[in-house]
Amino acid sequence: MIRFERVTKTYGAGTAGATTAVDDLTLEAPTGRITVLVGPSGCGKTTTLRMVNRMITPTSGTITIDGRDTAALDVAELRRNIGYVIQHAGLFPHRTVVDNVATVPRLLGVDRRTARARAMELIERVGLDPSLARRYPAQLSGGQQQRVGVARALAADPPVMLMDEPFSAVDPVVREQLQNEFLRLQSDLGKTILFVTHDIDEAIKLGDQVAVLRVGGVLAQLDTPARLLAD
Ligand code: ADP
Ligand code: ADP
């Protein structure tokens, strides 16, 4: 479980331009479930995600994973256990698809052949045609690039995944395919997922639980998205 306990992030604290992006957030993301944070642009979604893998340091409060304070962990070890997927896949442009996916295992010391074989399995698993494996990212469609991004994040088999609007930059038809494949994949893998979106329909479709954020705090926290429809 990922737990945020009274977490606040103020950019430029103590200056005239101080912005409190996250204000006193307490939230639990249960193990093996998809927790969606939904809300308008500027409400602090990206900031919240990036505090989990310590790309951003909270101003106050604590974030724990399975009871361990993330601030006390070795940051490299922390990040090995956390996959991260962003809106534009952020692939390495000068590496082929298979080498993009194999990058993290290689850095962890897995030999080239094993890393590539595993990468090929993941490439198929996320619904990509294996014939695309030798291409470079620029030779893929946006939807294909996002699939590679998901495969790359899964390559180290992290128990936790942070997903920041991963399906927002593709057209609606492809988005729906990606969402459906993601749900199928997750029903096999059972990762602990924090998923950020501004799209309420996506939140309801994907979330085992949904937290509705607004600028300045949490509006509602719902155990079951069905309740969101009822409210
Ligand atoms: P969207 O969520 O609509 O795709 P972005 O992710 O580009 O938009 O940005 C979200 C919001 O956060 C925007 O209002 C943007 O202006 C603001 N923002 C993002 N990064 C910064 C930053 N480094 N400094 C100030 N504001 C930022
Ligand atoms: P969201 O992901 O919901 O769009 P963000 O976390 O990107 O929201 O941003 C929340 C608020 O913090 C916004 O007001 C944004 O302008 C501000 N912000 C984000 N990043 C920075 C930054 N690096 N420096 C200053 N302000 C920032």
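Just so you know, these numbers come straight off a predicted model, no measurement behind them.

How each quantity is defined
- Residues numbered from 1 in each chain as written.
- Chains lettered and ligands numbered in written order.
- Predicted model: local features only at pLDDT ≥ 70, side-chain atom pairs only at ≥ 80, totals over all residues.
- Heavy atoms only, no water.
- Helix = DSSP H or I, 4+ residues; strand = E, 2+ residues; numbered from the N terminus.
- Rg over C-alpha atoms; globule rule 2.2 N^0.38 Å.
- Buried < 20%, exposed > 50% of the residue type's maximum accessible area, 1.4 Å probe, protein only.
- Pairing = 2+ DSSP bridges.
- Contact = heavy atoms within 4.5 Å.
- Axes fitted to C-alpha atoms, helices over the stretch in contact; angles between N-to-C directions.
- Near = heavy atom within 4 Å.
- Polar contact = N/O pair within 3.5 Å; in protein donor to acceptor, adjacent residues only side chain to side chain.
- Areas by Shrake-Rupley, 256 points an atom, 1.4 Å probe, with all protein chains shown as cover.
- Core = buried A, V, L, I, M, F, W, Y, C linked by side-chain atoms within 4.5 Å.
- Salt bridge = Lys/Arg side-chain N within 4 Å of Asp/Glu carboxyl O.

Which residues make up the overall build of the protein chain, and what values go with them?
Along the backbone of the protein chain there are eight helices and 10 strands. Computed over C-alpha atoms, the radius of gyration of the protein chain comes to 18 Å, within 12% of the 17 Å expected from 2.2 N^0.38 for 231 residues, which places it in the range of a compact globule. Dimensions of the protein chain, computed from the C-alpha atoms along their principal axes, are close to 50 × 40 × 35 Å. The 231 residues of the protein chain split such that 45% are buried.

So what's going on with the sheet that holds strand S1 (residues 2-11)? Which residues, and what values?
Ordered in space as S2-S1-S4-S5, the four strands form an open sheet in which the pairing is antiparallel. Since the sheet does not close on itself, it has two edges, and those belong to strand S2 (19-29) and strand S5 (68-69), each with one partner. Contacts between helix H1 (residues 45-52) and the sheet are confined to S1, S2 and strand S4 (60-65), with S1 contributing the most and set at about 120° to the helix.

Can you lay out the site of ligand 2 for me, pointing to particular residues and giving the numbers?
The local shell around ligand 2 consists of Tyr11, Thr19, Ala21, Pro40, Ser41, Gly42, Cys43, Gly44, Lys45, Thr46 and Thr47. In the environment of ligand 2, an oxygen atom lies 3.1 Å from a nitrogen or oxygen atom belonging to the backbone of Cys43. The backbone of Gly44 places a nitrogen or oxygen atom 3.0 Å from an oxygen atom of ligand 2. Relative to its unbound accessible area of 550 Å², ligand 2 is 57% covered by the protein chains. Going through the elements one at a time, S2 and H1 are the ones with two or more residues in the shell around ligand 2. The element contributing the most residues to the shell around ligand 2 is H1, with three residues.

Could you give me a rundown of the environment of Gly14, with the residues and numbers involved?
Structurally, Gly14 is set in the loop between S1 and S2. Linking Gly14 and Leu178, residues 164 residues apart in sequence, is a C-alpha distance of 42 Å.

Give a description of the nonpolar core that names residues and reports values.
Core analysis: the biggest nonpolar cluster contains 39 residues, and Val101, Met163, Phe182 and Phe195 have the highest contact counts within it. Top element by residues in this core is helix H5 (residues 142-154). It accounts for five residues. Excluding residues within four positions of it along the chain, Val101 makes contact with Ala119, Leu122, Ile123, Val148, Ala151, Arg152 and Ala155.

Let's hear about the pattern of salt bridges: which residues, and what values?
The tally for this structure, following the rule as stated, stands at eight salt bridges. Residues Arg3 and Glu5 are paired through a salt bridge, measuring 2.9 Å at the closest nitrogen-oxygen approach. The class of Arg3 is partly exposed, set by a relative accessible area of 22%. Residue classification places Glu5 among the partly exposed residues on the basis of a relative accessible area of 33%. In this structure, Glu181 and Arg147 form a salt bridge, with 3.0 Å as the shortest nitrogen-oxygen distance. With Glu181 in helix H6 (residues 172-189) and Arg147 in helix H5, the pair connects residues that are 34 residues apart, well separated along the chain. Given the relative accessible area of 22%, Glu181 is considered partly exposed. Residue Arg147 is classed as buried on the basis of its relative accessible area, which comes to 10%. The network of salt bridges with common partners includes Arg3, Glu5 and Glu28.

Lay out the environment of Val98 in plain terms, naming residues and giving numbers.
Inspection of the secondary structure puts Val98 in helix H3 (residues 97-107). When its relative accessible area of 1% is taken as the criterion, Val98 is described as buried. The spacing of Val98 and Val148 is 50 residues in sequence and 8.7 Å in space, taken between C-alpha atoms. Setting aside residues up to four positions removed in sequence, Val98 forms contacts with Arg116, Ala119, Met120, Ile123, Ala133 and Arg134.

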